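What the coordinates show
Residue strings, one per chain:
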Amino acid sequence: MKKLILLIGCLSLLTVGIISVSCSKDDDEWKGCSCSYYYDGEKETETITVADIKEFGFESYIKTCAELENFAYEHAEFFGDIENLRCVNL
């Protein structure tokens, strides 16, 4: 009987923990990226927000920092000759 009560208690705590973690992830909205790269041999750093992405009309293509990196390399005509682009979430 004690094992059954302990098992139910552990499962209850596990369920509460899973629910609290999954709910907190929903609240984190992507705000943009901080990107560093080399341009003409010099290191540059820029902050690109979601508002910047929407201003240029790229919101349907870019929803993560990884997508921003890929988009920059695929569309070099918008971004110029950049090297070693790395972006992280704000």
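To keep things clear, this report deals only with the structure shown in the data block.

**Here we look at the sheet that holds strand β1 (residues 32-39)**
Ordered by their spatial adjacency, three strands build an open sheet running β2-β1-β3, and the pairing between neighbours is antiparallel. Two strands lie at the open edges of the sheet, namely β2 (42-49) and β3 (82-89), each paired on one side alone. Averaged over all adjacent pairs, the angle separating strand axes in this sheet is 20 degrees, with direction ignored. Across eight bridges, β1 lies against β2 in antiparallel orientation. Looking at β2, one finds that Tyr 39 is bridged to Glu 42. Sitting on the sheet, helix α3 (residues 65-74) touches β1, β2 and β3, and the angle it makes with β3 is about 160 degrees.

**What to know about the environment of Glu 69**
Relative to the helices and strands, Glu 69 resides in helix α3. Sequence separation between Glu 69 and Cys 35 is 34 residues, and the spatial gap between their C-alpha atoms is 8.7 Å. The contacts of Glu 69, once residues within four sequence positions are left out, are Leu 85, Arg 86 and Cys 87. A polar atom in the side chain of Glu 69 sits 2.7 Å from the backbone nitrogen of Cys 87.

**Things to note about α3**
Along α3, the residues that are buried comprise Cys 65, Leu 68, Glu 69, Phe 71 and Ala 72. Angular distribution of buried residues about the axis of α3 spans 165 degrees; they occupy a single face of the element. Buried residues along α3 sit against β1, β2, α4 (76-79) and β3.

**Considerations on the state of the cysteines**
Using the criterion set out here, one finds two disulfides in the structure. The disulfide that involves Cys 33 links it to Cys 65, with 2.1 Å between the sulfurs. Residues Cys 33 and Cys 65 share a disulfide whose torsion about the S-S bond is about -115 degrees; that sign makes it left-handed. In this pair, Cys 33 sits in strand β1 while Cys 65 sits in helix α3, placing the two residues 32 residues apart along the sequence. There is a disulfide in this structure between Cys 35 and Cys 87, and the S-S distance comes to 2.1 Å.

**Considerations on the packing of aromatic side chains**
A complete count under the given rule lists three aromatic pairs for this structure. Relative to Phe 58, the ring of Phe 56 has its centre 6.5 Å away and its plane inclined at 20 degrees; by these criteria the two rings are stacked. Ring geometry for Phe 58 versus Phe 71: centroids 4.7 Å apart, planes at 55 degrees, classification tilted. Pair noted here: Phe 58 is in the loop between α2 (50-55) and α3 and Phe 71 is in helix α3, with a separation of 13 residues, a long-range link. Taking the relative accessible area as the measure of exposure, Phe 58 reaches 15% and is therefore buried. Overall, Phe 71 belongs to the buried group, its relative accessible area being 8%.

Parameters at a glance
- Each chain carries its own residue numbering, running from 1 in the written order of its sequence.
- A pLDDT threshold of at least 70 governs which residues receive local features in this predicted model, and a stricter bar of 80 or more applies before side-chain atom pairs are shown or counted, although totals over entire chains, interfaces and linings include all residues.
- As a convention, hydrogens and water are excluded, and side-chain values are obtained from all of the structure's heavy atoms.
- For two strands to count as paired, DSSP must find a minimum of two bridges between them.
- Helix and strand definitions here come from DSSP, where helices need a minimum of 4 consecutive H or I residues and strands a minimum of 2 consecutive E residues; each element is numbered from the N-terminal end.
- For helices, the axis comes from a line fit to the C-alpha atoms of the stretch in contact; other axes are also lines fit to C-alpha atoms, and the angle between any two N-to-C directions lies between 0 and 180 degrees.
- Throughout, a residue-residue contact means that at least one pair of heavy atoms, one from each residue, lies within 4.5 Å.
- For this analysis, a polar contact is any N or O atom pair within 3.5 Å, provided that within protein one partner can donate a hydrogen and the other can accept it, and provided that sequence-adjacent residues contribute only side-chain to side-chain pairs.
- Any residue under 20% of the maximum accessible area for its type is buried, any over 50% is exposed, and the rest in between are partly exposed; the area is computed with a 1.4 Å probe on protein chains only.
- The arc in question is formed by the directions pointing from the helix axis toward the C-beta atoms.
- Pairs of cysteine sulfur atoms within 2.5 Å are identified as disulfides in what follows.
- Two rings from Phe, Tyr or Trp (for Trp, the six-membered ring) form a pair when their centres sit within 6.5 Å of each other. Planes less than 30 degrees apart are called stacked, planes more than 60 degrees apart edge-to-face, and all others tilted.

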